[in-house]
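Here are the chains, one letter per residue:
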Amino acid sequence: MKMPNALSPIIRISKYTLTDEIRQKSFIIMFVICAIFILLIRGCYQGNYMVNGQALDAETIIRVVSKLTFHIIAVGAMLLTALLSMRVFRRDRDDGMQSCILSKPIARWQYVGGKILGLWALSVIFMFSLHSVVFISASISLNAVMPEYLIASLLSSFNLLFVVVAVFLLSLLMSDIIAFLCVLGIGIVGLVADGIYALSHSQMAQAMIGQAGPQSDWTWWKAVYYLWPKLSGAERFASSFIGGEGFPGFGSIYPLINVLFYILILGTLLFWRFRNEDII
Amino acid sequence: MEGLPPHNAPYFSGAPSAGAGWILRCGIDITGRDKYTSRMIELNNATKQFGSLTAVDNVSFRVKAGEYFALLGPNGAGKTTIVKMLLDFTKPTSGSLSVNGLPSTNAESRKAIGYLAENCHIPPYLSGWQYLQRCAELLNLSRVDAMRQCGRIVELIGMQGREHTKVGTYSKGMIQRFGLGAALIGNPKLLILDEPTAGLDPIGIREIRELLESLKDQGMTIFLNSHLLSEVEKICDNAAIINNGRLLVKDAISALVKDNDTLEDVFVRLVKGQDENA
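Not measured: the values here are computed from a predicted model. (Residues numbered from 1 in each chain as written. Chains lettered and ligands numbered in written order. Predicted model: local features only at pLDDT ≥ 70, side-chain atom pairs only at ≥ 80, totals over all residues. Heavy atoms only, no water.)

Engineer: Would you take a moment to explain the overall build of chain A for this structure?
Structural biologist: The number of helices and strands found in chain A is 14 helices and 2 strands. Seen through its C-alpha atoms, chain A measures out along the principal axes to roughly 70 × 55 × 35 Å. The buried share of chain A, taken over its 280 residues, is 48%. A separation threshold of at least 6 residues defines the contact pool for chain A, and within that pool the share at least 24 residues apart is 81%. Counting only carbon and sulfur atoms, one obtains 71% of the accessible surface of chain A, whose full area is about 14000 Å². Side-chain charges of chain A comprise 20 positive and 15 negative groups, with the mean position of each set lying 8 Å from the other. (Helix = DSSP H or I, 4+ residues; strand = E, 2+ residues; numbered from the N terminus. Buried < 20%, exposed > 50% of the residue type's maximum accessible area, 1.4 Å probe, protein only. Contact = heavy atoms within 4.5 Å. Areas by Shrake-Rupley, 256 points an atom, 1.4 Å probe, with all protein chains shown as cover. Lys, Arg positive; Asp, Glu negative; His and termini not counted. Charge placed at Lys NZ, Arg CZ, Asp CG, Glu CD.)

What follows is the structure in structure tokens.
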């Protein structure tokens, strides 16, 4: 079956992006180190843990450790994705591939689309493979499969798409390392905003606010909480599926919608910016 | 070029008969309307400004199909900017450019173009063969066609036996040859070459010239950006000279070079004359 004409260059460019990154020894080494680290976590499943003087059962331990590992892998994958994304355009330019591709009858949106797709696919494969290692280990230890673990992994892949698009856009406007740091900053500010919002809604904080009178102004943080890219919120939403907690309700889907909205906005800006970019 | 068959000898067997079209020495089919389209390249008052600097200033000229055209000028004259505008690598500030009858901003116009960049770069982790194959795939050629064309191109550029080694081990001249090979994939009607002999030794320069002459014989339109005036004089039909972004002259080489002058004399006289007037 022949691919539609507009789609075929995108698929080809994404294939080249993916294979060129995998070709890098540093990528393979990083993947192997991560996989070994994840396998070592299996040791935690066998430990004896006490909480408030009560021993935890093996199943609880496995579920908690698996969930914790889920977050570590997801955050690690986001960092790796940002690191890989920041030099994609520059390397293509330096290697002459950008001018080679764009001197062919390929539109700029197809080139950018191929790059986004290739790097996103690579990051998702990286994260999904590591999550699969945990999924298999946990399933063997529990004697039961946790398919929700893999669903959660796929859901958190939208965060990776956000990182790819954001770093690509920023790397066109500033130096690569600054683009990386900016996206890192976006993630950290989102996490802090989430933390402050959660703190402000804790009983202790409510009591303190009540004592201090009505002068406390939380509106600013509320605005940041709702409008800032909610990477950590989307991550929490995805992980809420793990452990048989079930669908957490439509209210908690907001972070995912927020991230998708930002992907759309940043993606549009990226395509518009690259359309006017001078090719060297 | 080393390993090149003599002129007019087929580079590969199995070419269809003459009735099937002009399938030529390197598999280039120039049958169709483009052979007879008078304007392969057209610039209408093209201007490009980078801030306060005017790199190309209101330049207009046409290049006919089948012409061997040279764009000459000193460093920083605006030659590469014109090439980049033709390829839509940079947008003109004003004016318009078209290739094969289509606006240069239309990606389809690049179907007609084979492009060799100045200081050609190829990813060092690929082999020459993989690079050519990528170029063929990007043109949407079928796998069989891509393999066939890559094989012919490797022969044409005289790189048999080295095509599967990594580009990182190639010399500048070898990279340039693969760059030229990549430009020839897909049977382009127009070949845009930006300093194709840059960094090559005299033997390499001669080999590239012979290859370009053979392409000209096949009716391909060639747009050459070069500093090597003696080479241009030997092989080009027409030339334009630009300086400080302005078009000084565009004419047939035979009309430009008169009496005992060389193209170099004409070039120096025109460029210096404009500089002094400015």
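Let us keep going from here.
Engineer: Explain the sheet that holds strand β8 (residues 221-225) of chain B to me, please; I cannot follow it from the model alone.
Structural biologist: Backbone hydrogen bonds are what pair the strands of a sheet, in a parallel or an antiparallel way. Residue and element names in this part refer to chain B. If you trace the 6 strands from one edge of the open sheet to the other, you get β6-β7-β8-β3-β9-β10, paired in mixed fashion. Two strands lie at the open edges of the sheet, namely β6 (113-116) and β10 (246-252), each paired on one side alone. Here the strands of the sheet are splayed against their neighbours by 15° on average, with no regard to which way each runs. Two elements, strand β3 (residues 68-72) and β8, share 4 bridges in a ladder whose sense is parallel. Bridge pairing links Ala70 to Leu224 in β8. With respect to the sheet, helix α8 (residues 263-277) is in contact with β3, β9 (238-243) and β10, its orientation differing from that of β9 by roughly 30°. (Pairing = 2+ DSSP bridges. Axes fitted to C-alpha atoms, helices over the stretch in contact; angles between N-to-C directions.)

Engineer: Can you walk me through the layout of surface pockets in this structure?
Structural biologist: Empty pockets left among the atoms are what a rolling probe the size of a water molecule brings to light. Considered as a void within the structure, the largest pocket measures approximately 590 Å³ in volume. Lining the largest pocket we find 32 residues, and of these Pro105 of chain A together with Glu108, Lys111, Leu139 and Asn140 of chain B sit closest to its centre. Among the secondary structure elements, those contributing two or more residues to the lining of the largest pocket are α1 (7-23) of chain A together with β6, α2 (128-138) and α4 (172-184) of chain B. If one sorts the elements of the lining of the largest pocket by residue count, α1 of chain A sits on top with 3 residues. A breakdown of the residues in the lining of the largest pocket according to their chemical character gives 15 nonpolar, 8 polar and 9 charged. (1 Å grid on protein atoms, 1.4 Å probe; cavity = no way out; pocket = protein on both sides within 12 Å on 5 of 7 lines; lining within 4 Å. Points joined across faces, edges and corners; volume = space filled by probe spheres on them. Nonpolar A, V, L, I, M, F, W, Y, C, P; charged D, E, K, R; others polar.)

Engineer: What is the right way to read empty space enclosed by the protein from this model?
Structural biologist: Residues and elements named next belong to chain B. Throughout the structure, instances matching the rule amount to 5 cavities of 30 Å³ or more. Estimates place the volume of the largest cavity at around 70 Å³. Forming the walls of the largest cavity are Pro196, Thr197, Ile205, Ile208, Arg209, Leu212, Leu224, Ser226, Leu228, Glu231 and Ile235. When contributions to the lining of the largest cavity are tallied by element, the ones reaching two or more residues are α5 (202-217) and α6 (229-235). It is α5 that provides the largest number of residues to the lining of the largest cavity, a total of 4 residues. In terms of residue class, the lining of the largest cavity is built from 7 nonpolar, 2 polar and 2 charged. Taken as a whole, the second largest cavity holds about 60 Å³ of empty space.

Engineer: When you look at the environment of Trp109 of chain A in this model, what are you seeing that I'm missing?
Structural biologist: All names here are of chain A. Note that Trp109 resides in helix α7 (residues 108-142). Expressed as a C-alpha distance, the spacing of Trp109 and Trp272, which sit 163 residues apart in the sequence, is 8.7 Å. In this structure, Trp109 is in contact with Ala6, Ile10 and Phe271, ignoring residues within four places of it in sequence.

Engineer: Quick question: what am I supposed to make of the pairing of strand β7 (residues 190-194) of chain B here?
Structural biologist: Put simply, side chains in a regular strand alternate between the two faces of the sheet. Residue and element names in this part refer to chain B. With respect to burial, β7 is a largely interior element, 5 of its 5 residues being buried. Of the two faces of β7, both are covered, the one formed by Leu190, Ile192 and Asp194 as well as the one formed by Leu191 and Leu193. Strand direction decides the pairing type here: β7 and β8, joined by 5 bridges, are parallel. Bridge pairing links Leu191 to Ile222 in β8. Handedness of the β-α-β unit built from β7, α5 and β8 comes out right-handed. (Right-handed = clockwise from strand over helix to strand, strands pointing away.)

Engineer: Which parts of the structure should I look at to understand the packing of helix α9 (residues 157-173) of chain A against helix α14 (residues 254-275) of chain A?
Structural biologist: The packing of two helices is summarised by the inter-axis angle and the distance between the axes. All names here are of chain A. Two elements in contact, α9 and α14, have axes separated by 9 Å at closest approach and are oriented at 30°. For the element pair α9 / α14, the angle class is roughly parallel. Seen from above, α9 lies across α14 with left-handed handedness. Residues Phe158, Asn159, Leu161, Phe162, Val165, Ala166, Phe168, Leu169, Leu172 and Leu173 of α9 touch α14, and the partners they reach there are Leu256, Val259, Leu260, Tyr262, Ile263, Leu266, Gly267, Leu269, Leu270, Arg273 and Phe274. The residue inventory of the contact of α9 with α14, partitioned by class, reads 18 nonpolar, 2 polar and 1 charged. (Parallel < 35°, antiparallel > 145°, perpendicular 65-115°, else oblique. Left-handed = near helix turned anticlockwise from the far one by under 90°.)

Engineer: Looking at this model, I keep getting lost on the side chain of Lys48 of chain B. Mind explaining?
Structural biologist: The residue Lys48 of chain B is located in strand β1 (residues 41-50) in this model. At 2.8 Å, the side chain of Lys48 of chain B forms a polar contact with the backbone oxygen of Lys91 of chain B. Contact partners of Lys48 of chain B, with chain neighbours within four places excluded, come to Asp278 of chain A together with Leu53, Thr54, Ala55, Val56, Thr81, Met85, Thr90, Lys91, Pro92 and Thr93 of chain B. (Polar contact = N/O pair within 3.5 Å; in protein donor to acceptor, adjacent residues only side chain to side chain.)

Engineer: Hey, could you run me through the sheet that holds strand β2 (residues 53-63) of chain B in this one?
Structural biologist: Residues and elements named next belong to chain B. Taking strand neighbours across the sheet as the criterion, the 4 strands line up as β2-β1-β4-β5 in an open arrangement whose pairing is antiparallel. Edge positions in the sheet fall to β2 and β5 (102-103), since each of these pairs with one other strand and no more. Judged from the 7 bridges that link them, β1 and β2 form a sheet pairing that is antiparallel. Bridge pairing in β2 links Leu43 to Phe61. Across the sheet, helix α1 (residues 79-86) touches β1, β2 and β4 (94-99), and the angle it forms with β1 is around 115°.

Engineer: In this structure, what is going on with the nonpolar core? I would like to understand it.
Structural biologist: One broad rule of soluble globular proteins: the nonpolar side chains tend to lie buried together. Residues Ile82, Leu191 and Phe223 of chain B are the most contacted members of the largest nonpolar core, which totals 158 residues. Looking at which element gives the most residues to this core, the answer is α7 of chain A, with 13 residues. With sequence-adjacent residues up to four places away left out, Leu191 of chain B is seen in contact with Gly114, Leu180, Ala183, Leu184, Leu212, Leu215, Met220, Thr221, Ile222 and Phe223 of chain B. (Core = buried A, V, L, I, M, F, W, Y, C linked by side-chain atoms within 4.5 Å.)

Engineer: I would appreciate a short explanation of the packing of α7 of chain A against helix α8 (residues 147-155) of chain A in the present structure.
Structural biologist: Residue and element names in this part refer to chain A. With their axes 10 Å apart at the nearest point, α7 and α8 run at an angle of 165° to one another. One way to sum up the angle between α7 and α8 is to call them roughly antiparallel. Every pair of crossing elements has a handedness; the one defined by α7 and α8 is right-handed. In contact with Met127, Phe128, His131, Ser132, Val134 and Phe135 of α7, α8 contributes Pro147, Tyr149, Leu150, Ser153 and Leu154. Among the residues forming the contact of α7 with α8, the class breakdown is 8 nonpolar, 3 polar and no charged.

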